[in-house]
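Structural characterization, general
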Amino acid sequence: MLTATGLTVHYGQREVLHGVDVSVGSGELLAVLGANGSGKSTLLRAAAGLVPADGEVTIDGRRRGPLDIALVFQRIHLVGRRSALDNVCTGALGRLPLHRSLTPALFPREVREEAMGCLERVGLADRAHDRADGLSGGQQQRVAIARALCQRAPVVLADEPVSALDPAAAEQVLELLAELAHTERLAVLTVLHQPDLARRHADRVVGLRDGAVVLDGPPGQPVDSLYPHALLETPS
Ligand SMILES: Nc1ncnc2c1ncn2[C@@H]1O[C@H](COP(=O)(O)OP(=O)(O)O)[C@@H](O)[C@H]1O
Ligand SMILES: [Mg+2]
């Protein structure tokens with residue numbers, strides 16, 4: 001379980017996140033919704049320790065450690081010329097001695113086996129030896145999720161992981177994130193651009209407006225108030 005309490009972020013003089021409390025249970029997929037600029041990415045970065053923030057972040061009651069959080073981004077960060085398997089192996093880098101990290105070919109066999117298991121978990125074992133940049137966008141994002149699994153982090157934070165994908169691939173990736181939350185007991189927080197995706201896949205929804213949480217509850221609740229000025233592509 002990830003618990004963030006009183007998260008406050010300043011960019012220069014400007015406070016953009018105002019003491020946000022948010023928690024994600026193990027086994028739960030939490031969707032964070034909000035208009036552009038409402039602070040979704042800032043909340044995710046602060047929770048991950050990527051931007052300086054006041055407040056407290058704990059995982060299962062303990063202070064967040066450097067390997068406790070795996071990240072999945074909108075723009076897929078894979079090494080394109082490397083195989084899917086090599087990319088997944090890099091999830092394990094944080095727990096390998098430094099010299100191992102220099103040459104992906106030297107990933108120890110147990111790491112390669114674990115990475116293969118992670119690729120199986122996301123349904124891509126048969127593509128393990130393909131170059132990452134030869135895969136579709138949805139497949140690449142599933143490789144990124146496999147890499148997160150290979151990190152063995154109890155918490156996965158994803159910032160609009162499906163925004164660059166076509167609708168069918170987006171559904172598939174969110175189904176996968178929900179399934180991993182439920183079966184692996186991961187705490188998964190994902191920022192989503194589309195409320196209808198949250199309604200279909202999330203266990204709970206948190207809504208941000210102007211850097212503050214304005215709703216927190218079941219995925220079916222009305223979210224129109226989050227988008228006062230927005231012309232939604234897919235009105236809910
Ligand atoms: N690196 C930055 N420096 C200064 N201001 C920023 C920076 N990143 C985001 N902001 C501002 O912080 C607010 C929240 O941004 P962000 O968290 O990216 O929102 P969202 O992800 O919901 O679109 C916005 O007003 C944005 O302009
Ligand atoms: Mg953002």
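Source: prediction; values computed, not measured.

1. Observations concerning the sheet that holds strand E8 (residues 187–191)
- Taken together, the six strands give an open sheet; going across it, the order is E6-E7-E8-E3-E9-E10, and neighbouring strands pair in mixed fashion. The outermost strands of the open sheet, each flanked by one partner alone, are strand E6 (69–72) and strand E10 (212–217). Strand-to-strand twist in this sheet, taken as the mean axis angle between neighbours without regard to direction, amounts to 20°.
- For E6 and strand E7 (residues 155–159), the ladder comprises four bridges, and the chain directions are parallel.

2. Here's the deal with helix H1 (residues 40–48)
- Counting buried residues in H1 gives seven out of nine residues, a clear majority hidden from the surface.
- Listed as buried for H1 are Lys-40, Thr-42, Leu-43, Leu-44, Ala-46, Ala-47 and Ala-48.
- Positive backbone phi, at 80°, marks Gly-49, one or two positions downstream of H1.

3. Considerations on the site of ligand 1
- Around ligand 1, the structure places Tyr-11, Arg-14, Val-16, Ala-35, Asn-36, Gly-37, Ser-38, Gly-39, Lys-40, Ser-41 and Thr-42.
- In the environment of ligand 1, an oxygen atom lies 2.8 Å from a nitrogen or oxygen atom belonging to the backbone of Gly-37.
- Here an oxygen atom of ligand 1 and a side-chain polar atom of Lys-40 are 2.8 Å apart.
- Look at ligand 1: alone it shows 560 Å² of surface, and the protein chains cover 62% of it.

4. Quick word on empty space enclosed by the protein
- This structure, assessed with the given rule, holds two cavities of 30 Å³ or more.
- If you add up the space inside the largest cavity, you get close to 40 Å³.
- Lining the largest cavity, in full, are Ile-145, Ala-148, Leu-149, Val-156, Leu-177, Leu-180, Leu-186 and Val-188.
- Among the elements that make up the lining of the largest cavity, the one with the highest residue count is helix H4 (residues 137–150) (three residues).
- Here the residues of the lining of the largest cavity are counted per class, giving eight nonpolar, no polar and no charged.

5. A short note on the domain arrangement of the protein chain
- With domains assigned, the protein chain is organised as domain 1 (1–68 + 155–222) and domain 2 (82–152).
- The gap between the C-alpha centroids of domain 1 and domain 2 is 24 Å.
- The interface of domain 1 with domain 2 comprises 13 residues on the first partner and 11 residues on the second.
- Looking only at domain 1, the three residues that lose the most surface to domain 2 are Leu-67, Leu-176 and Leu-180, adding up to 43% of its buried area.

6. Side note on the sheet that holds strand E2 (residues 14–24)
- Strand order in the open sheet formed by four strands is E2-E1-E4-E5, with antiparallel pairing between adjacent strands. Only two strands of the sheet have a single partner each, and these edge strands are E2 and strand E5 (62–63).
- Across seven bridges, the pairing between strand E1 (residues 2–11) and E2 is antiparallel. Bridging from a neighbouring strand, Tyr-11 pairs with Arg-14 of E2.
- Lying on the sheet, H1 is in contact with E1, E2 and strand E4 (54–59); it crosses E1 at an angle near 115°.

Basis of the calculations
- Residues numbered from 1 in each chain as written.
- Chains lettered and ligands numbered in written order.
- Predicted model: local features only at pLDDT ≥ 70, side-chain atom pairs only at ≥ 80, totals over all residues.
- Heavy atoms only, no water.
- Pairing = 2+ DSSP bridges.
- Helix = DSSP H or I, 4+ residues; strand = E, 2+ residues; numbered from the N terminus.
- Axes fitted to C-alpha atoms, helices over the stretch in contact; angles between N-to-C directions.
- Buried < 20%, exposed > 50% of the residue type's maximum accessible area, 1.4 Å probe, protein only.
- Near = heavy atom within 4 Å.
- Polar contact = N/O pair within 3.5 Å; in protein donor to acceptor, adjacent residues only side chain to side chain.
- Areas by Shrake-Rupley, 256 points an atom, 1.4 Å probe, with all protein chains shown as cover.
- 1 Å grid on protein atoms, 1.4 Å probe; cavity = no way out; pocket = protein on both sides within 12 Å on 5 of 7 lines; lining within 4 Å.
- Points joined across faces, edges and corners; volume = space filled by probe spheres on them.
- Nonpolar A, V, L, I, M, F, W, Y, C, P; charged D, E, K, R; others polar.
- Domains from an automatic or database assignment.
- Contact = heavy atoms within 4.5 Å.
- Buried area = accessible area lost by both parts, 1.4 Å probe.

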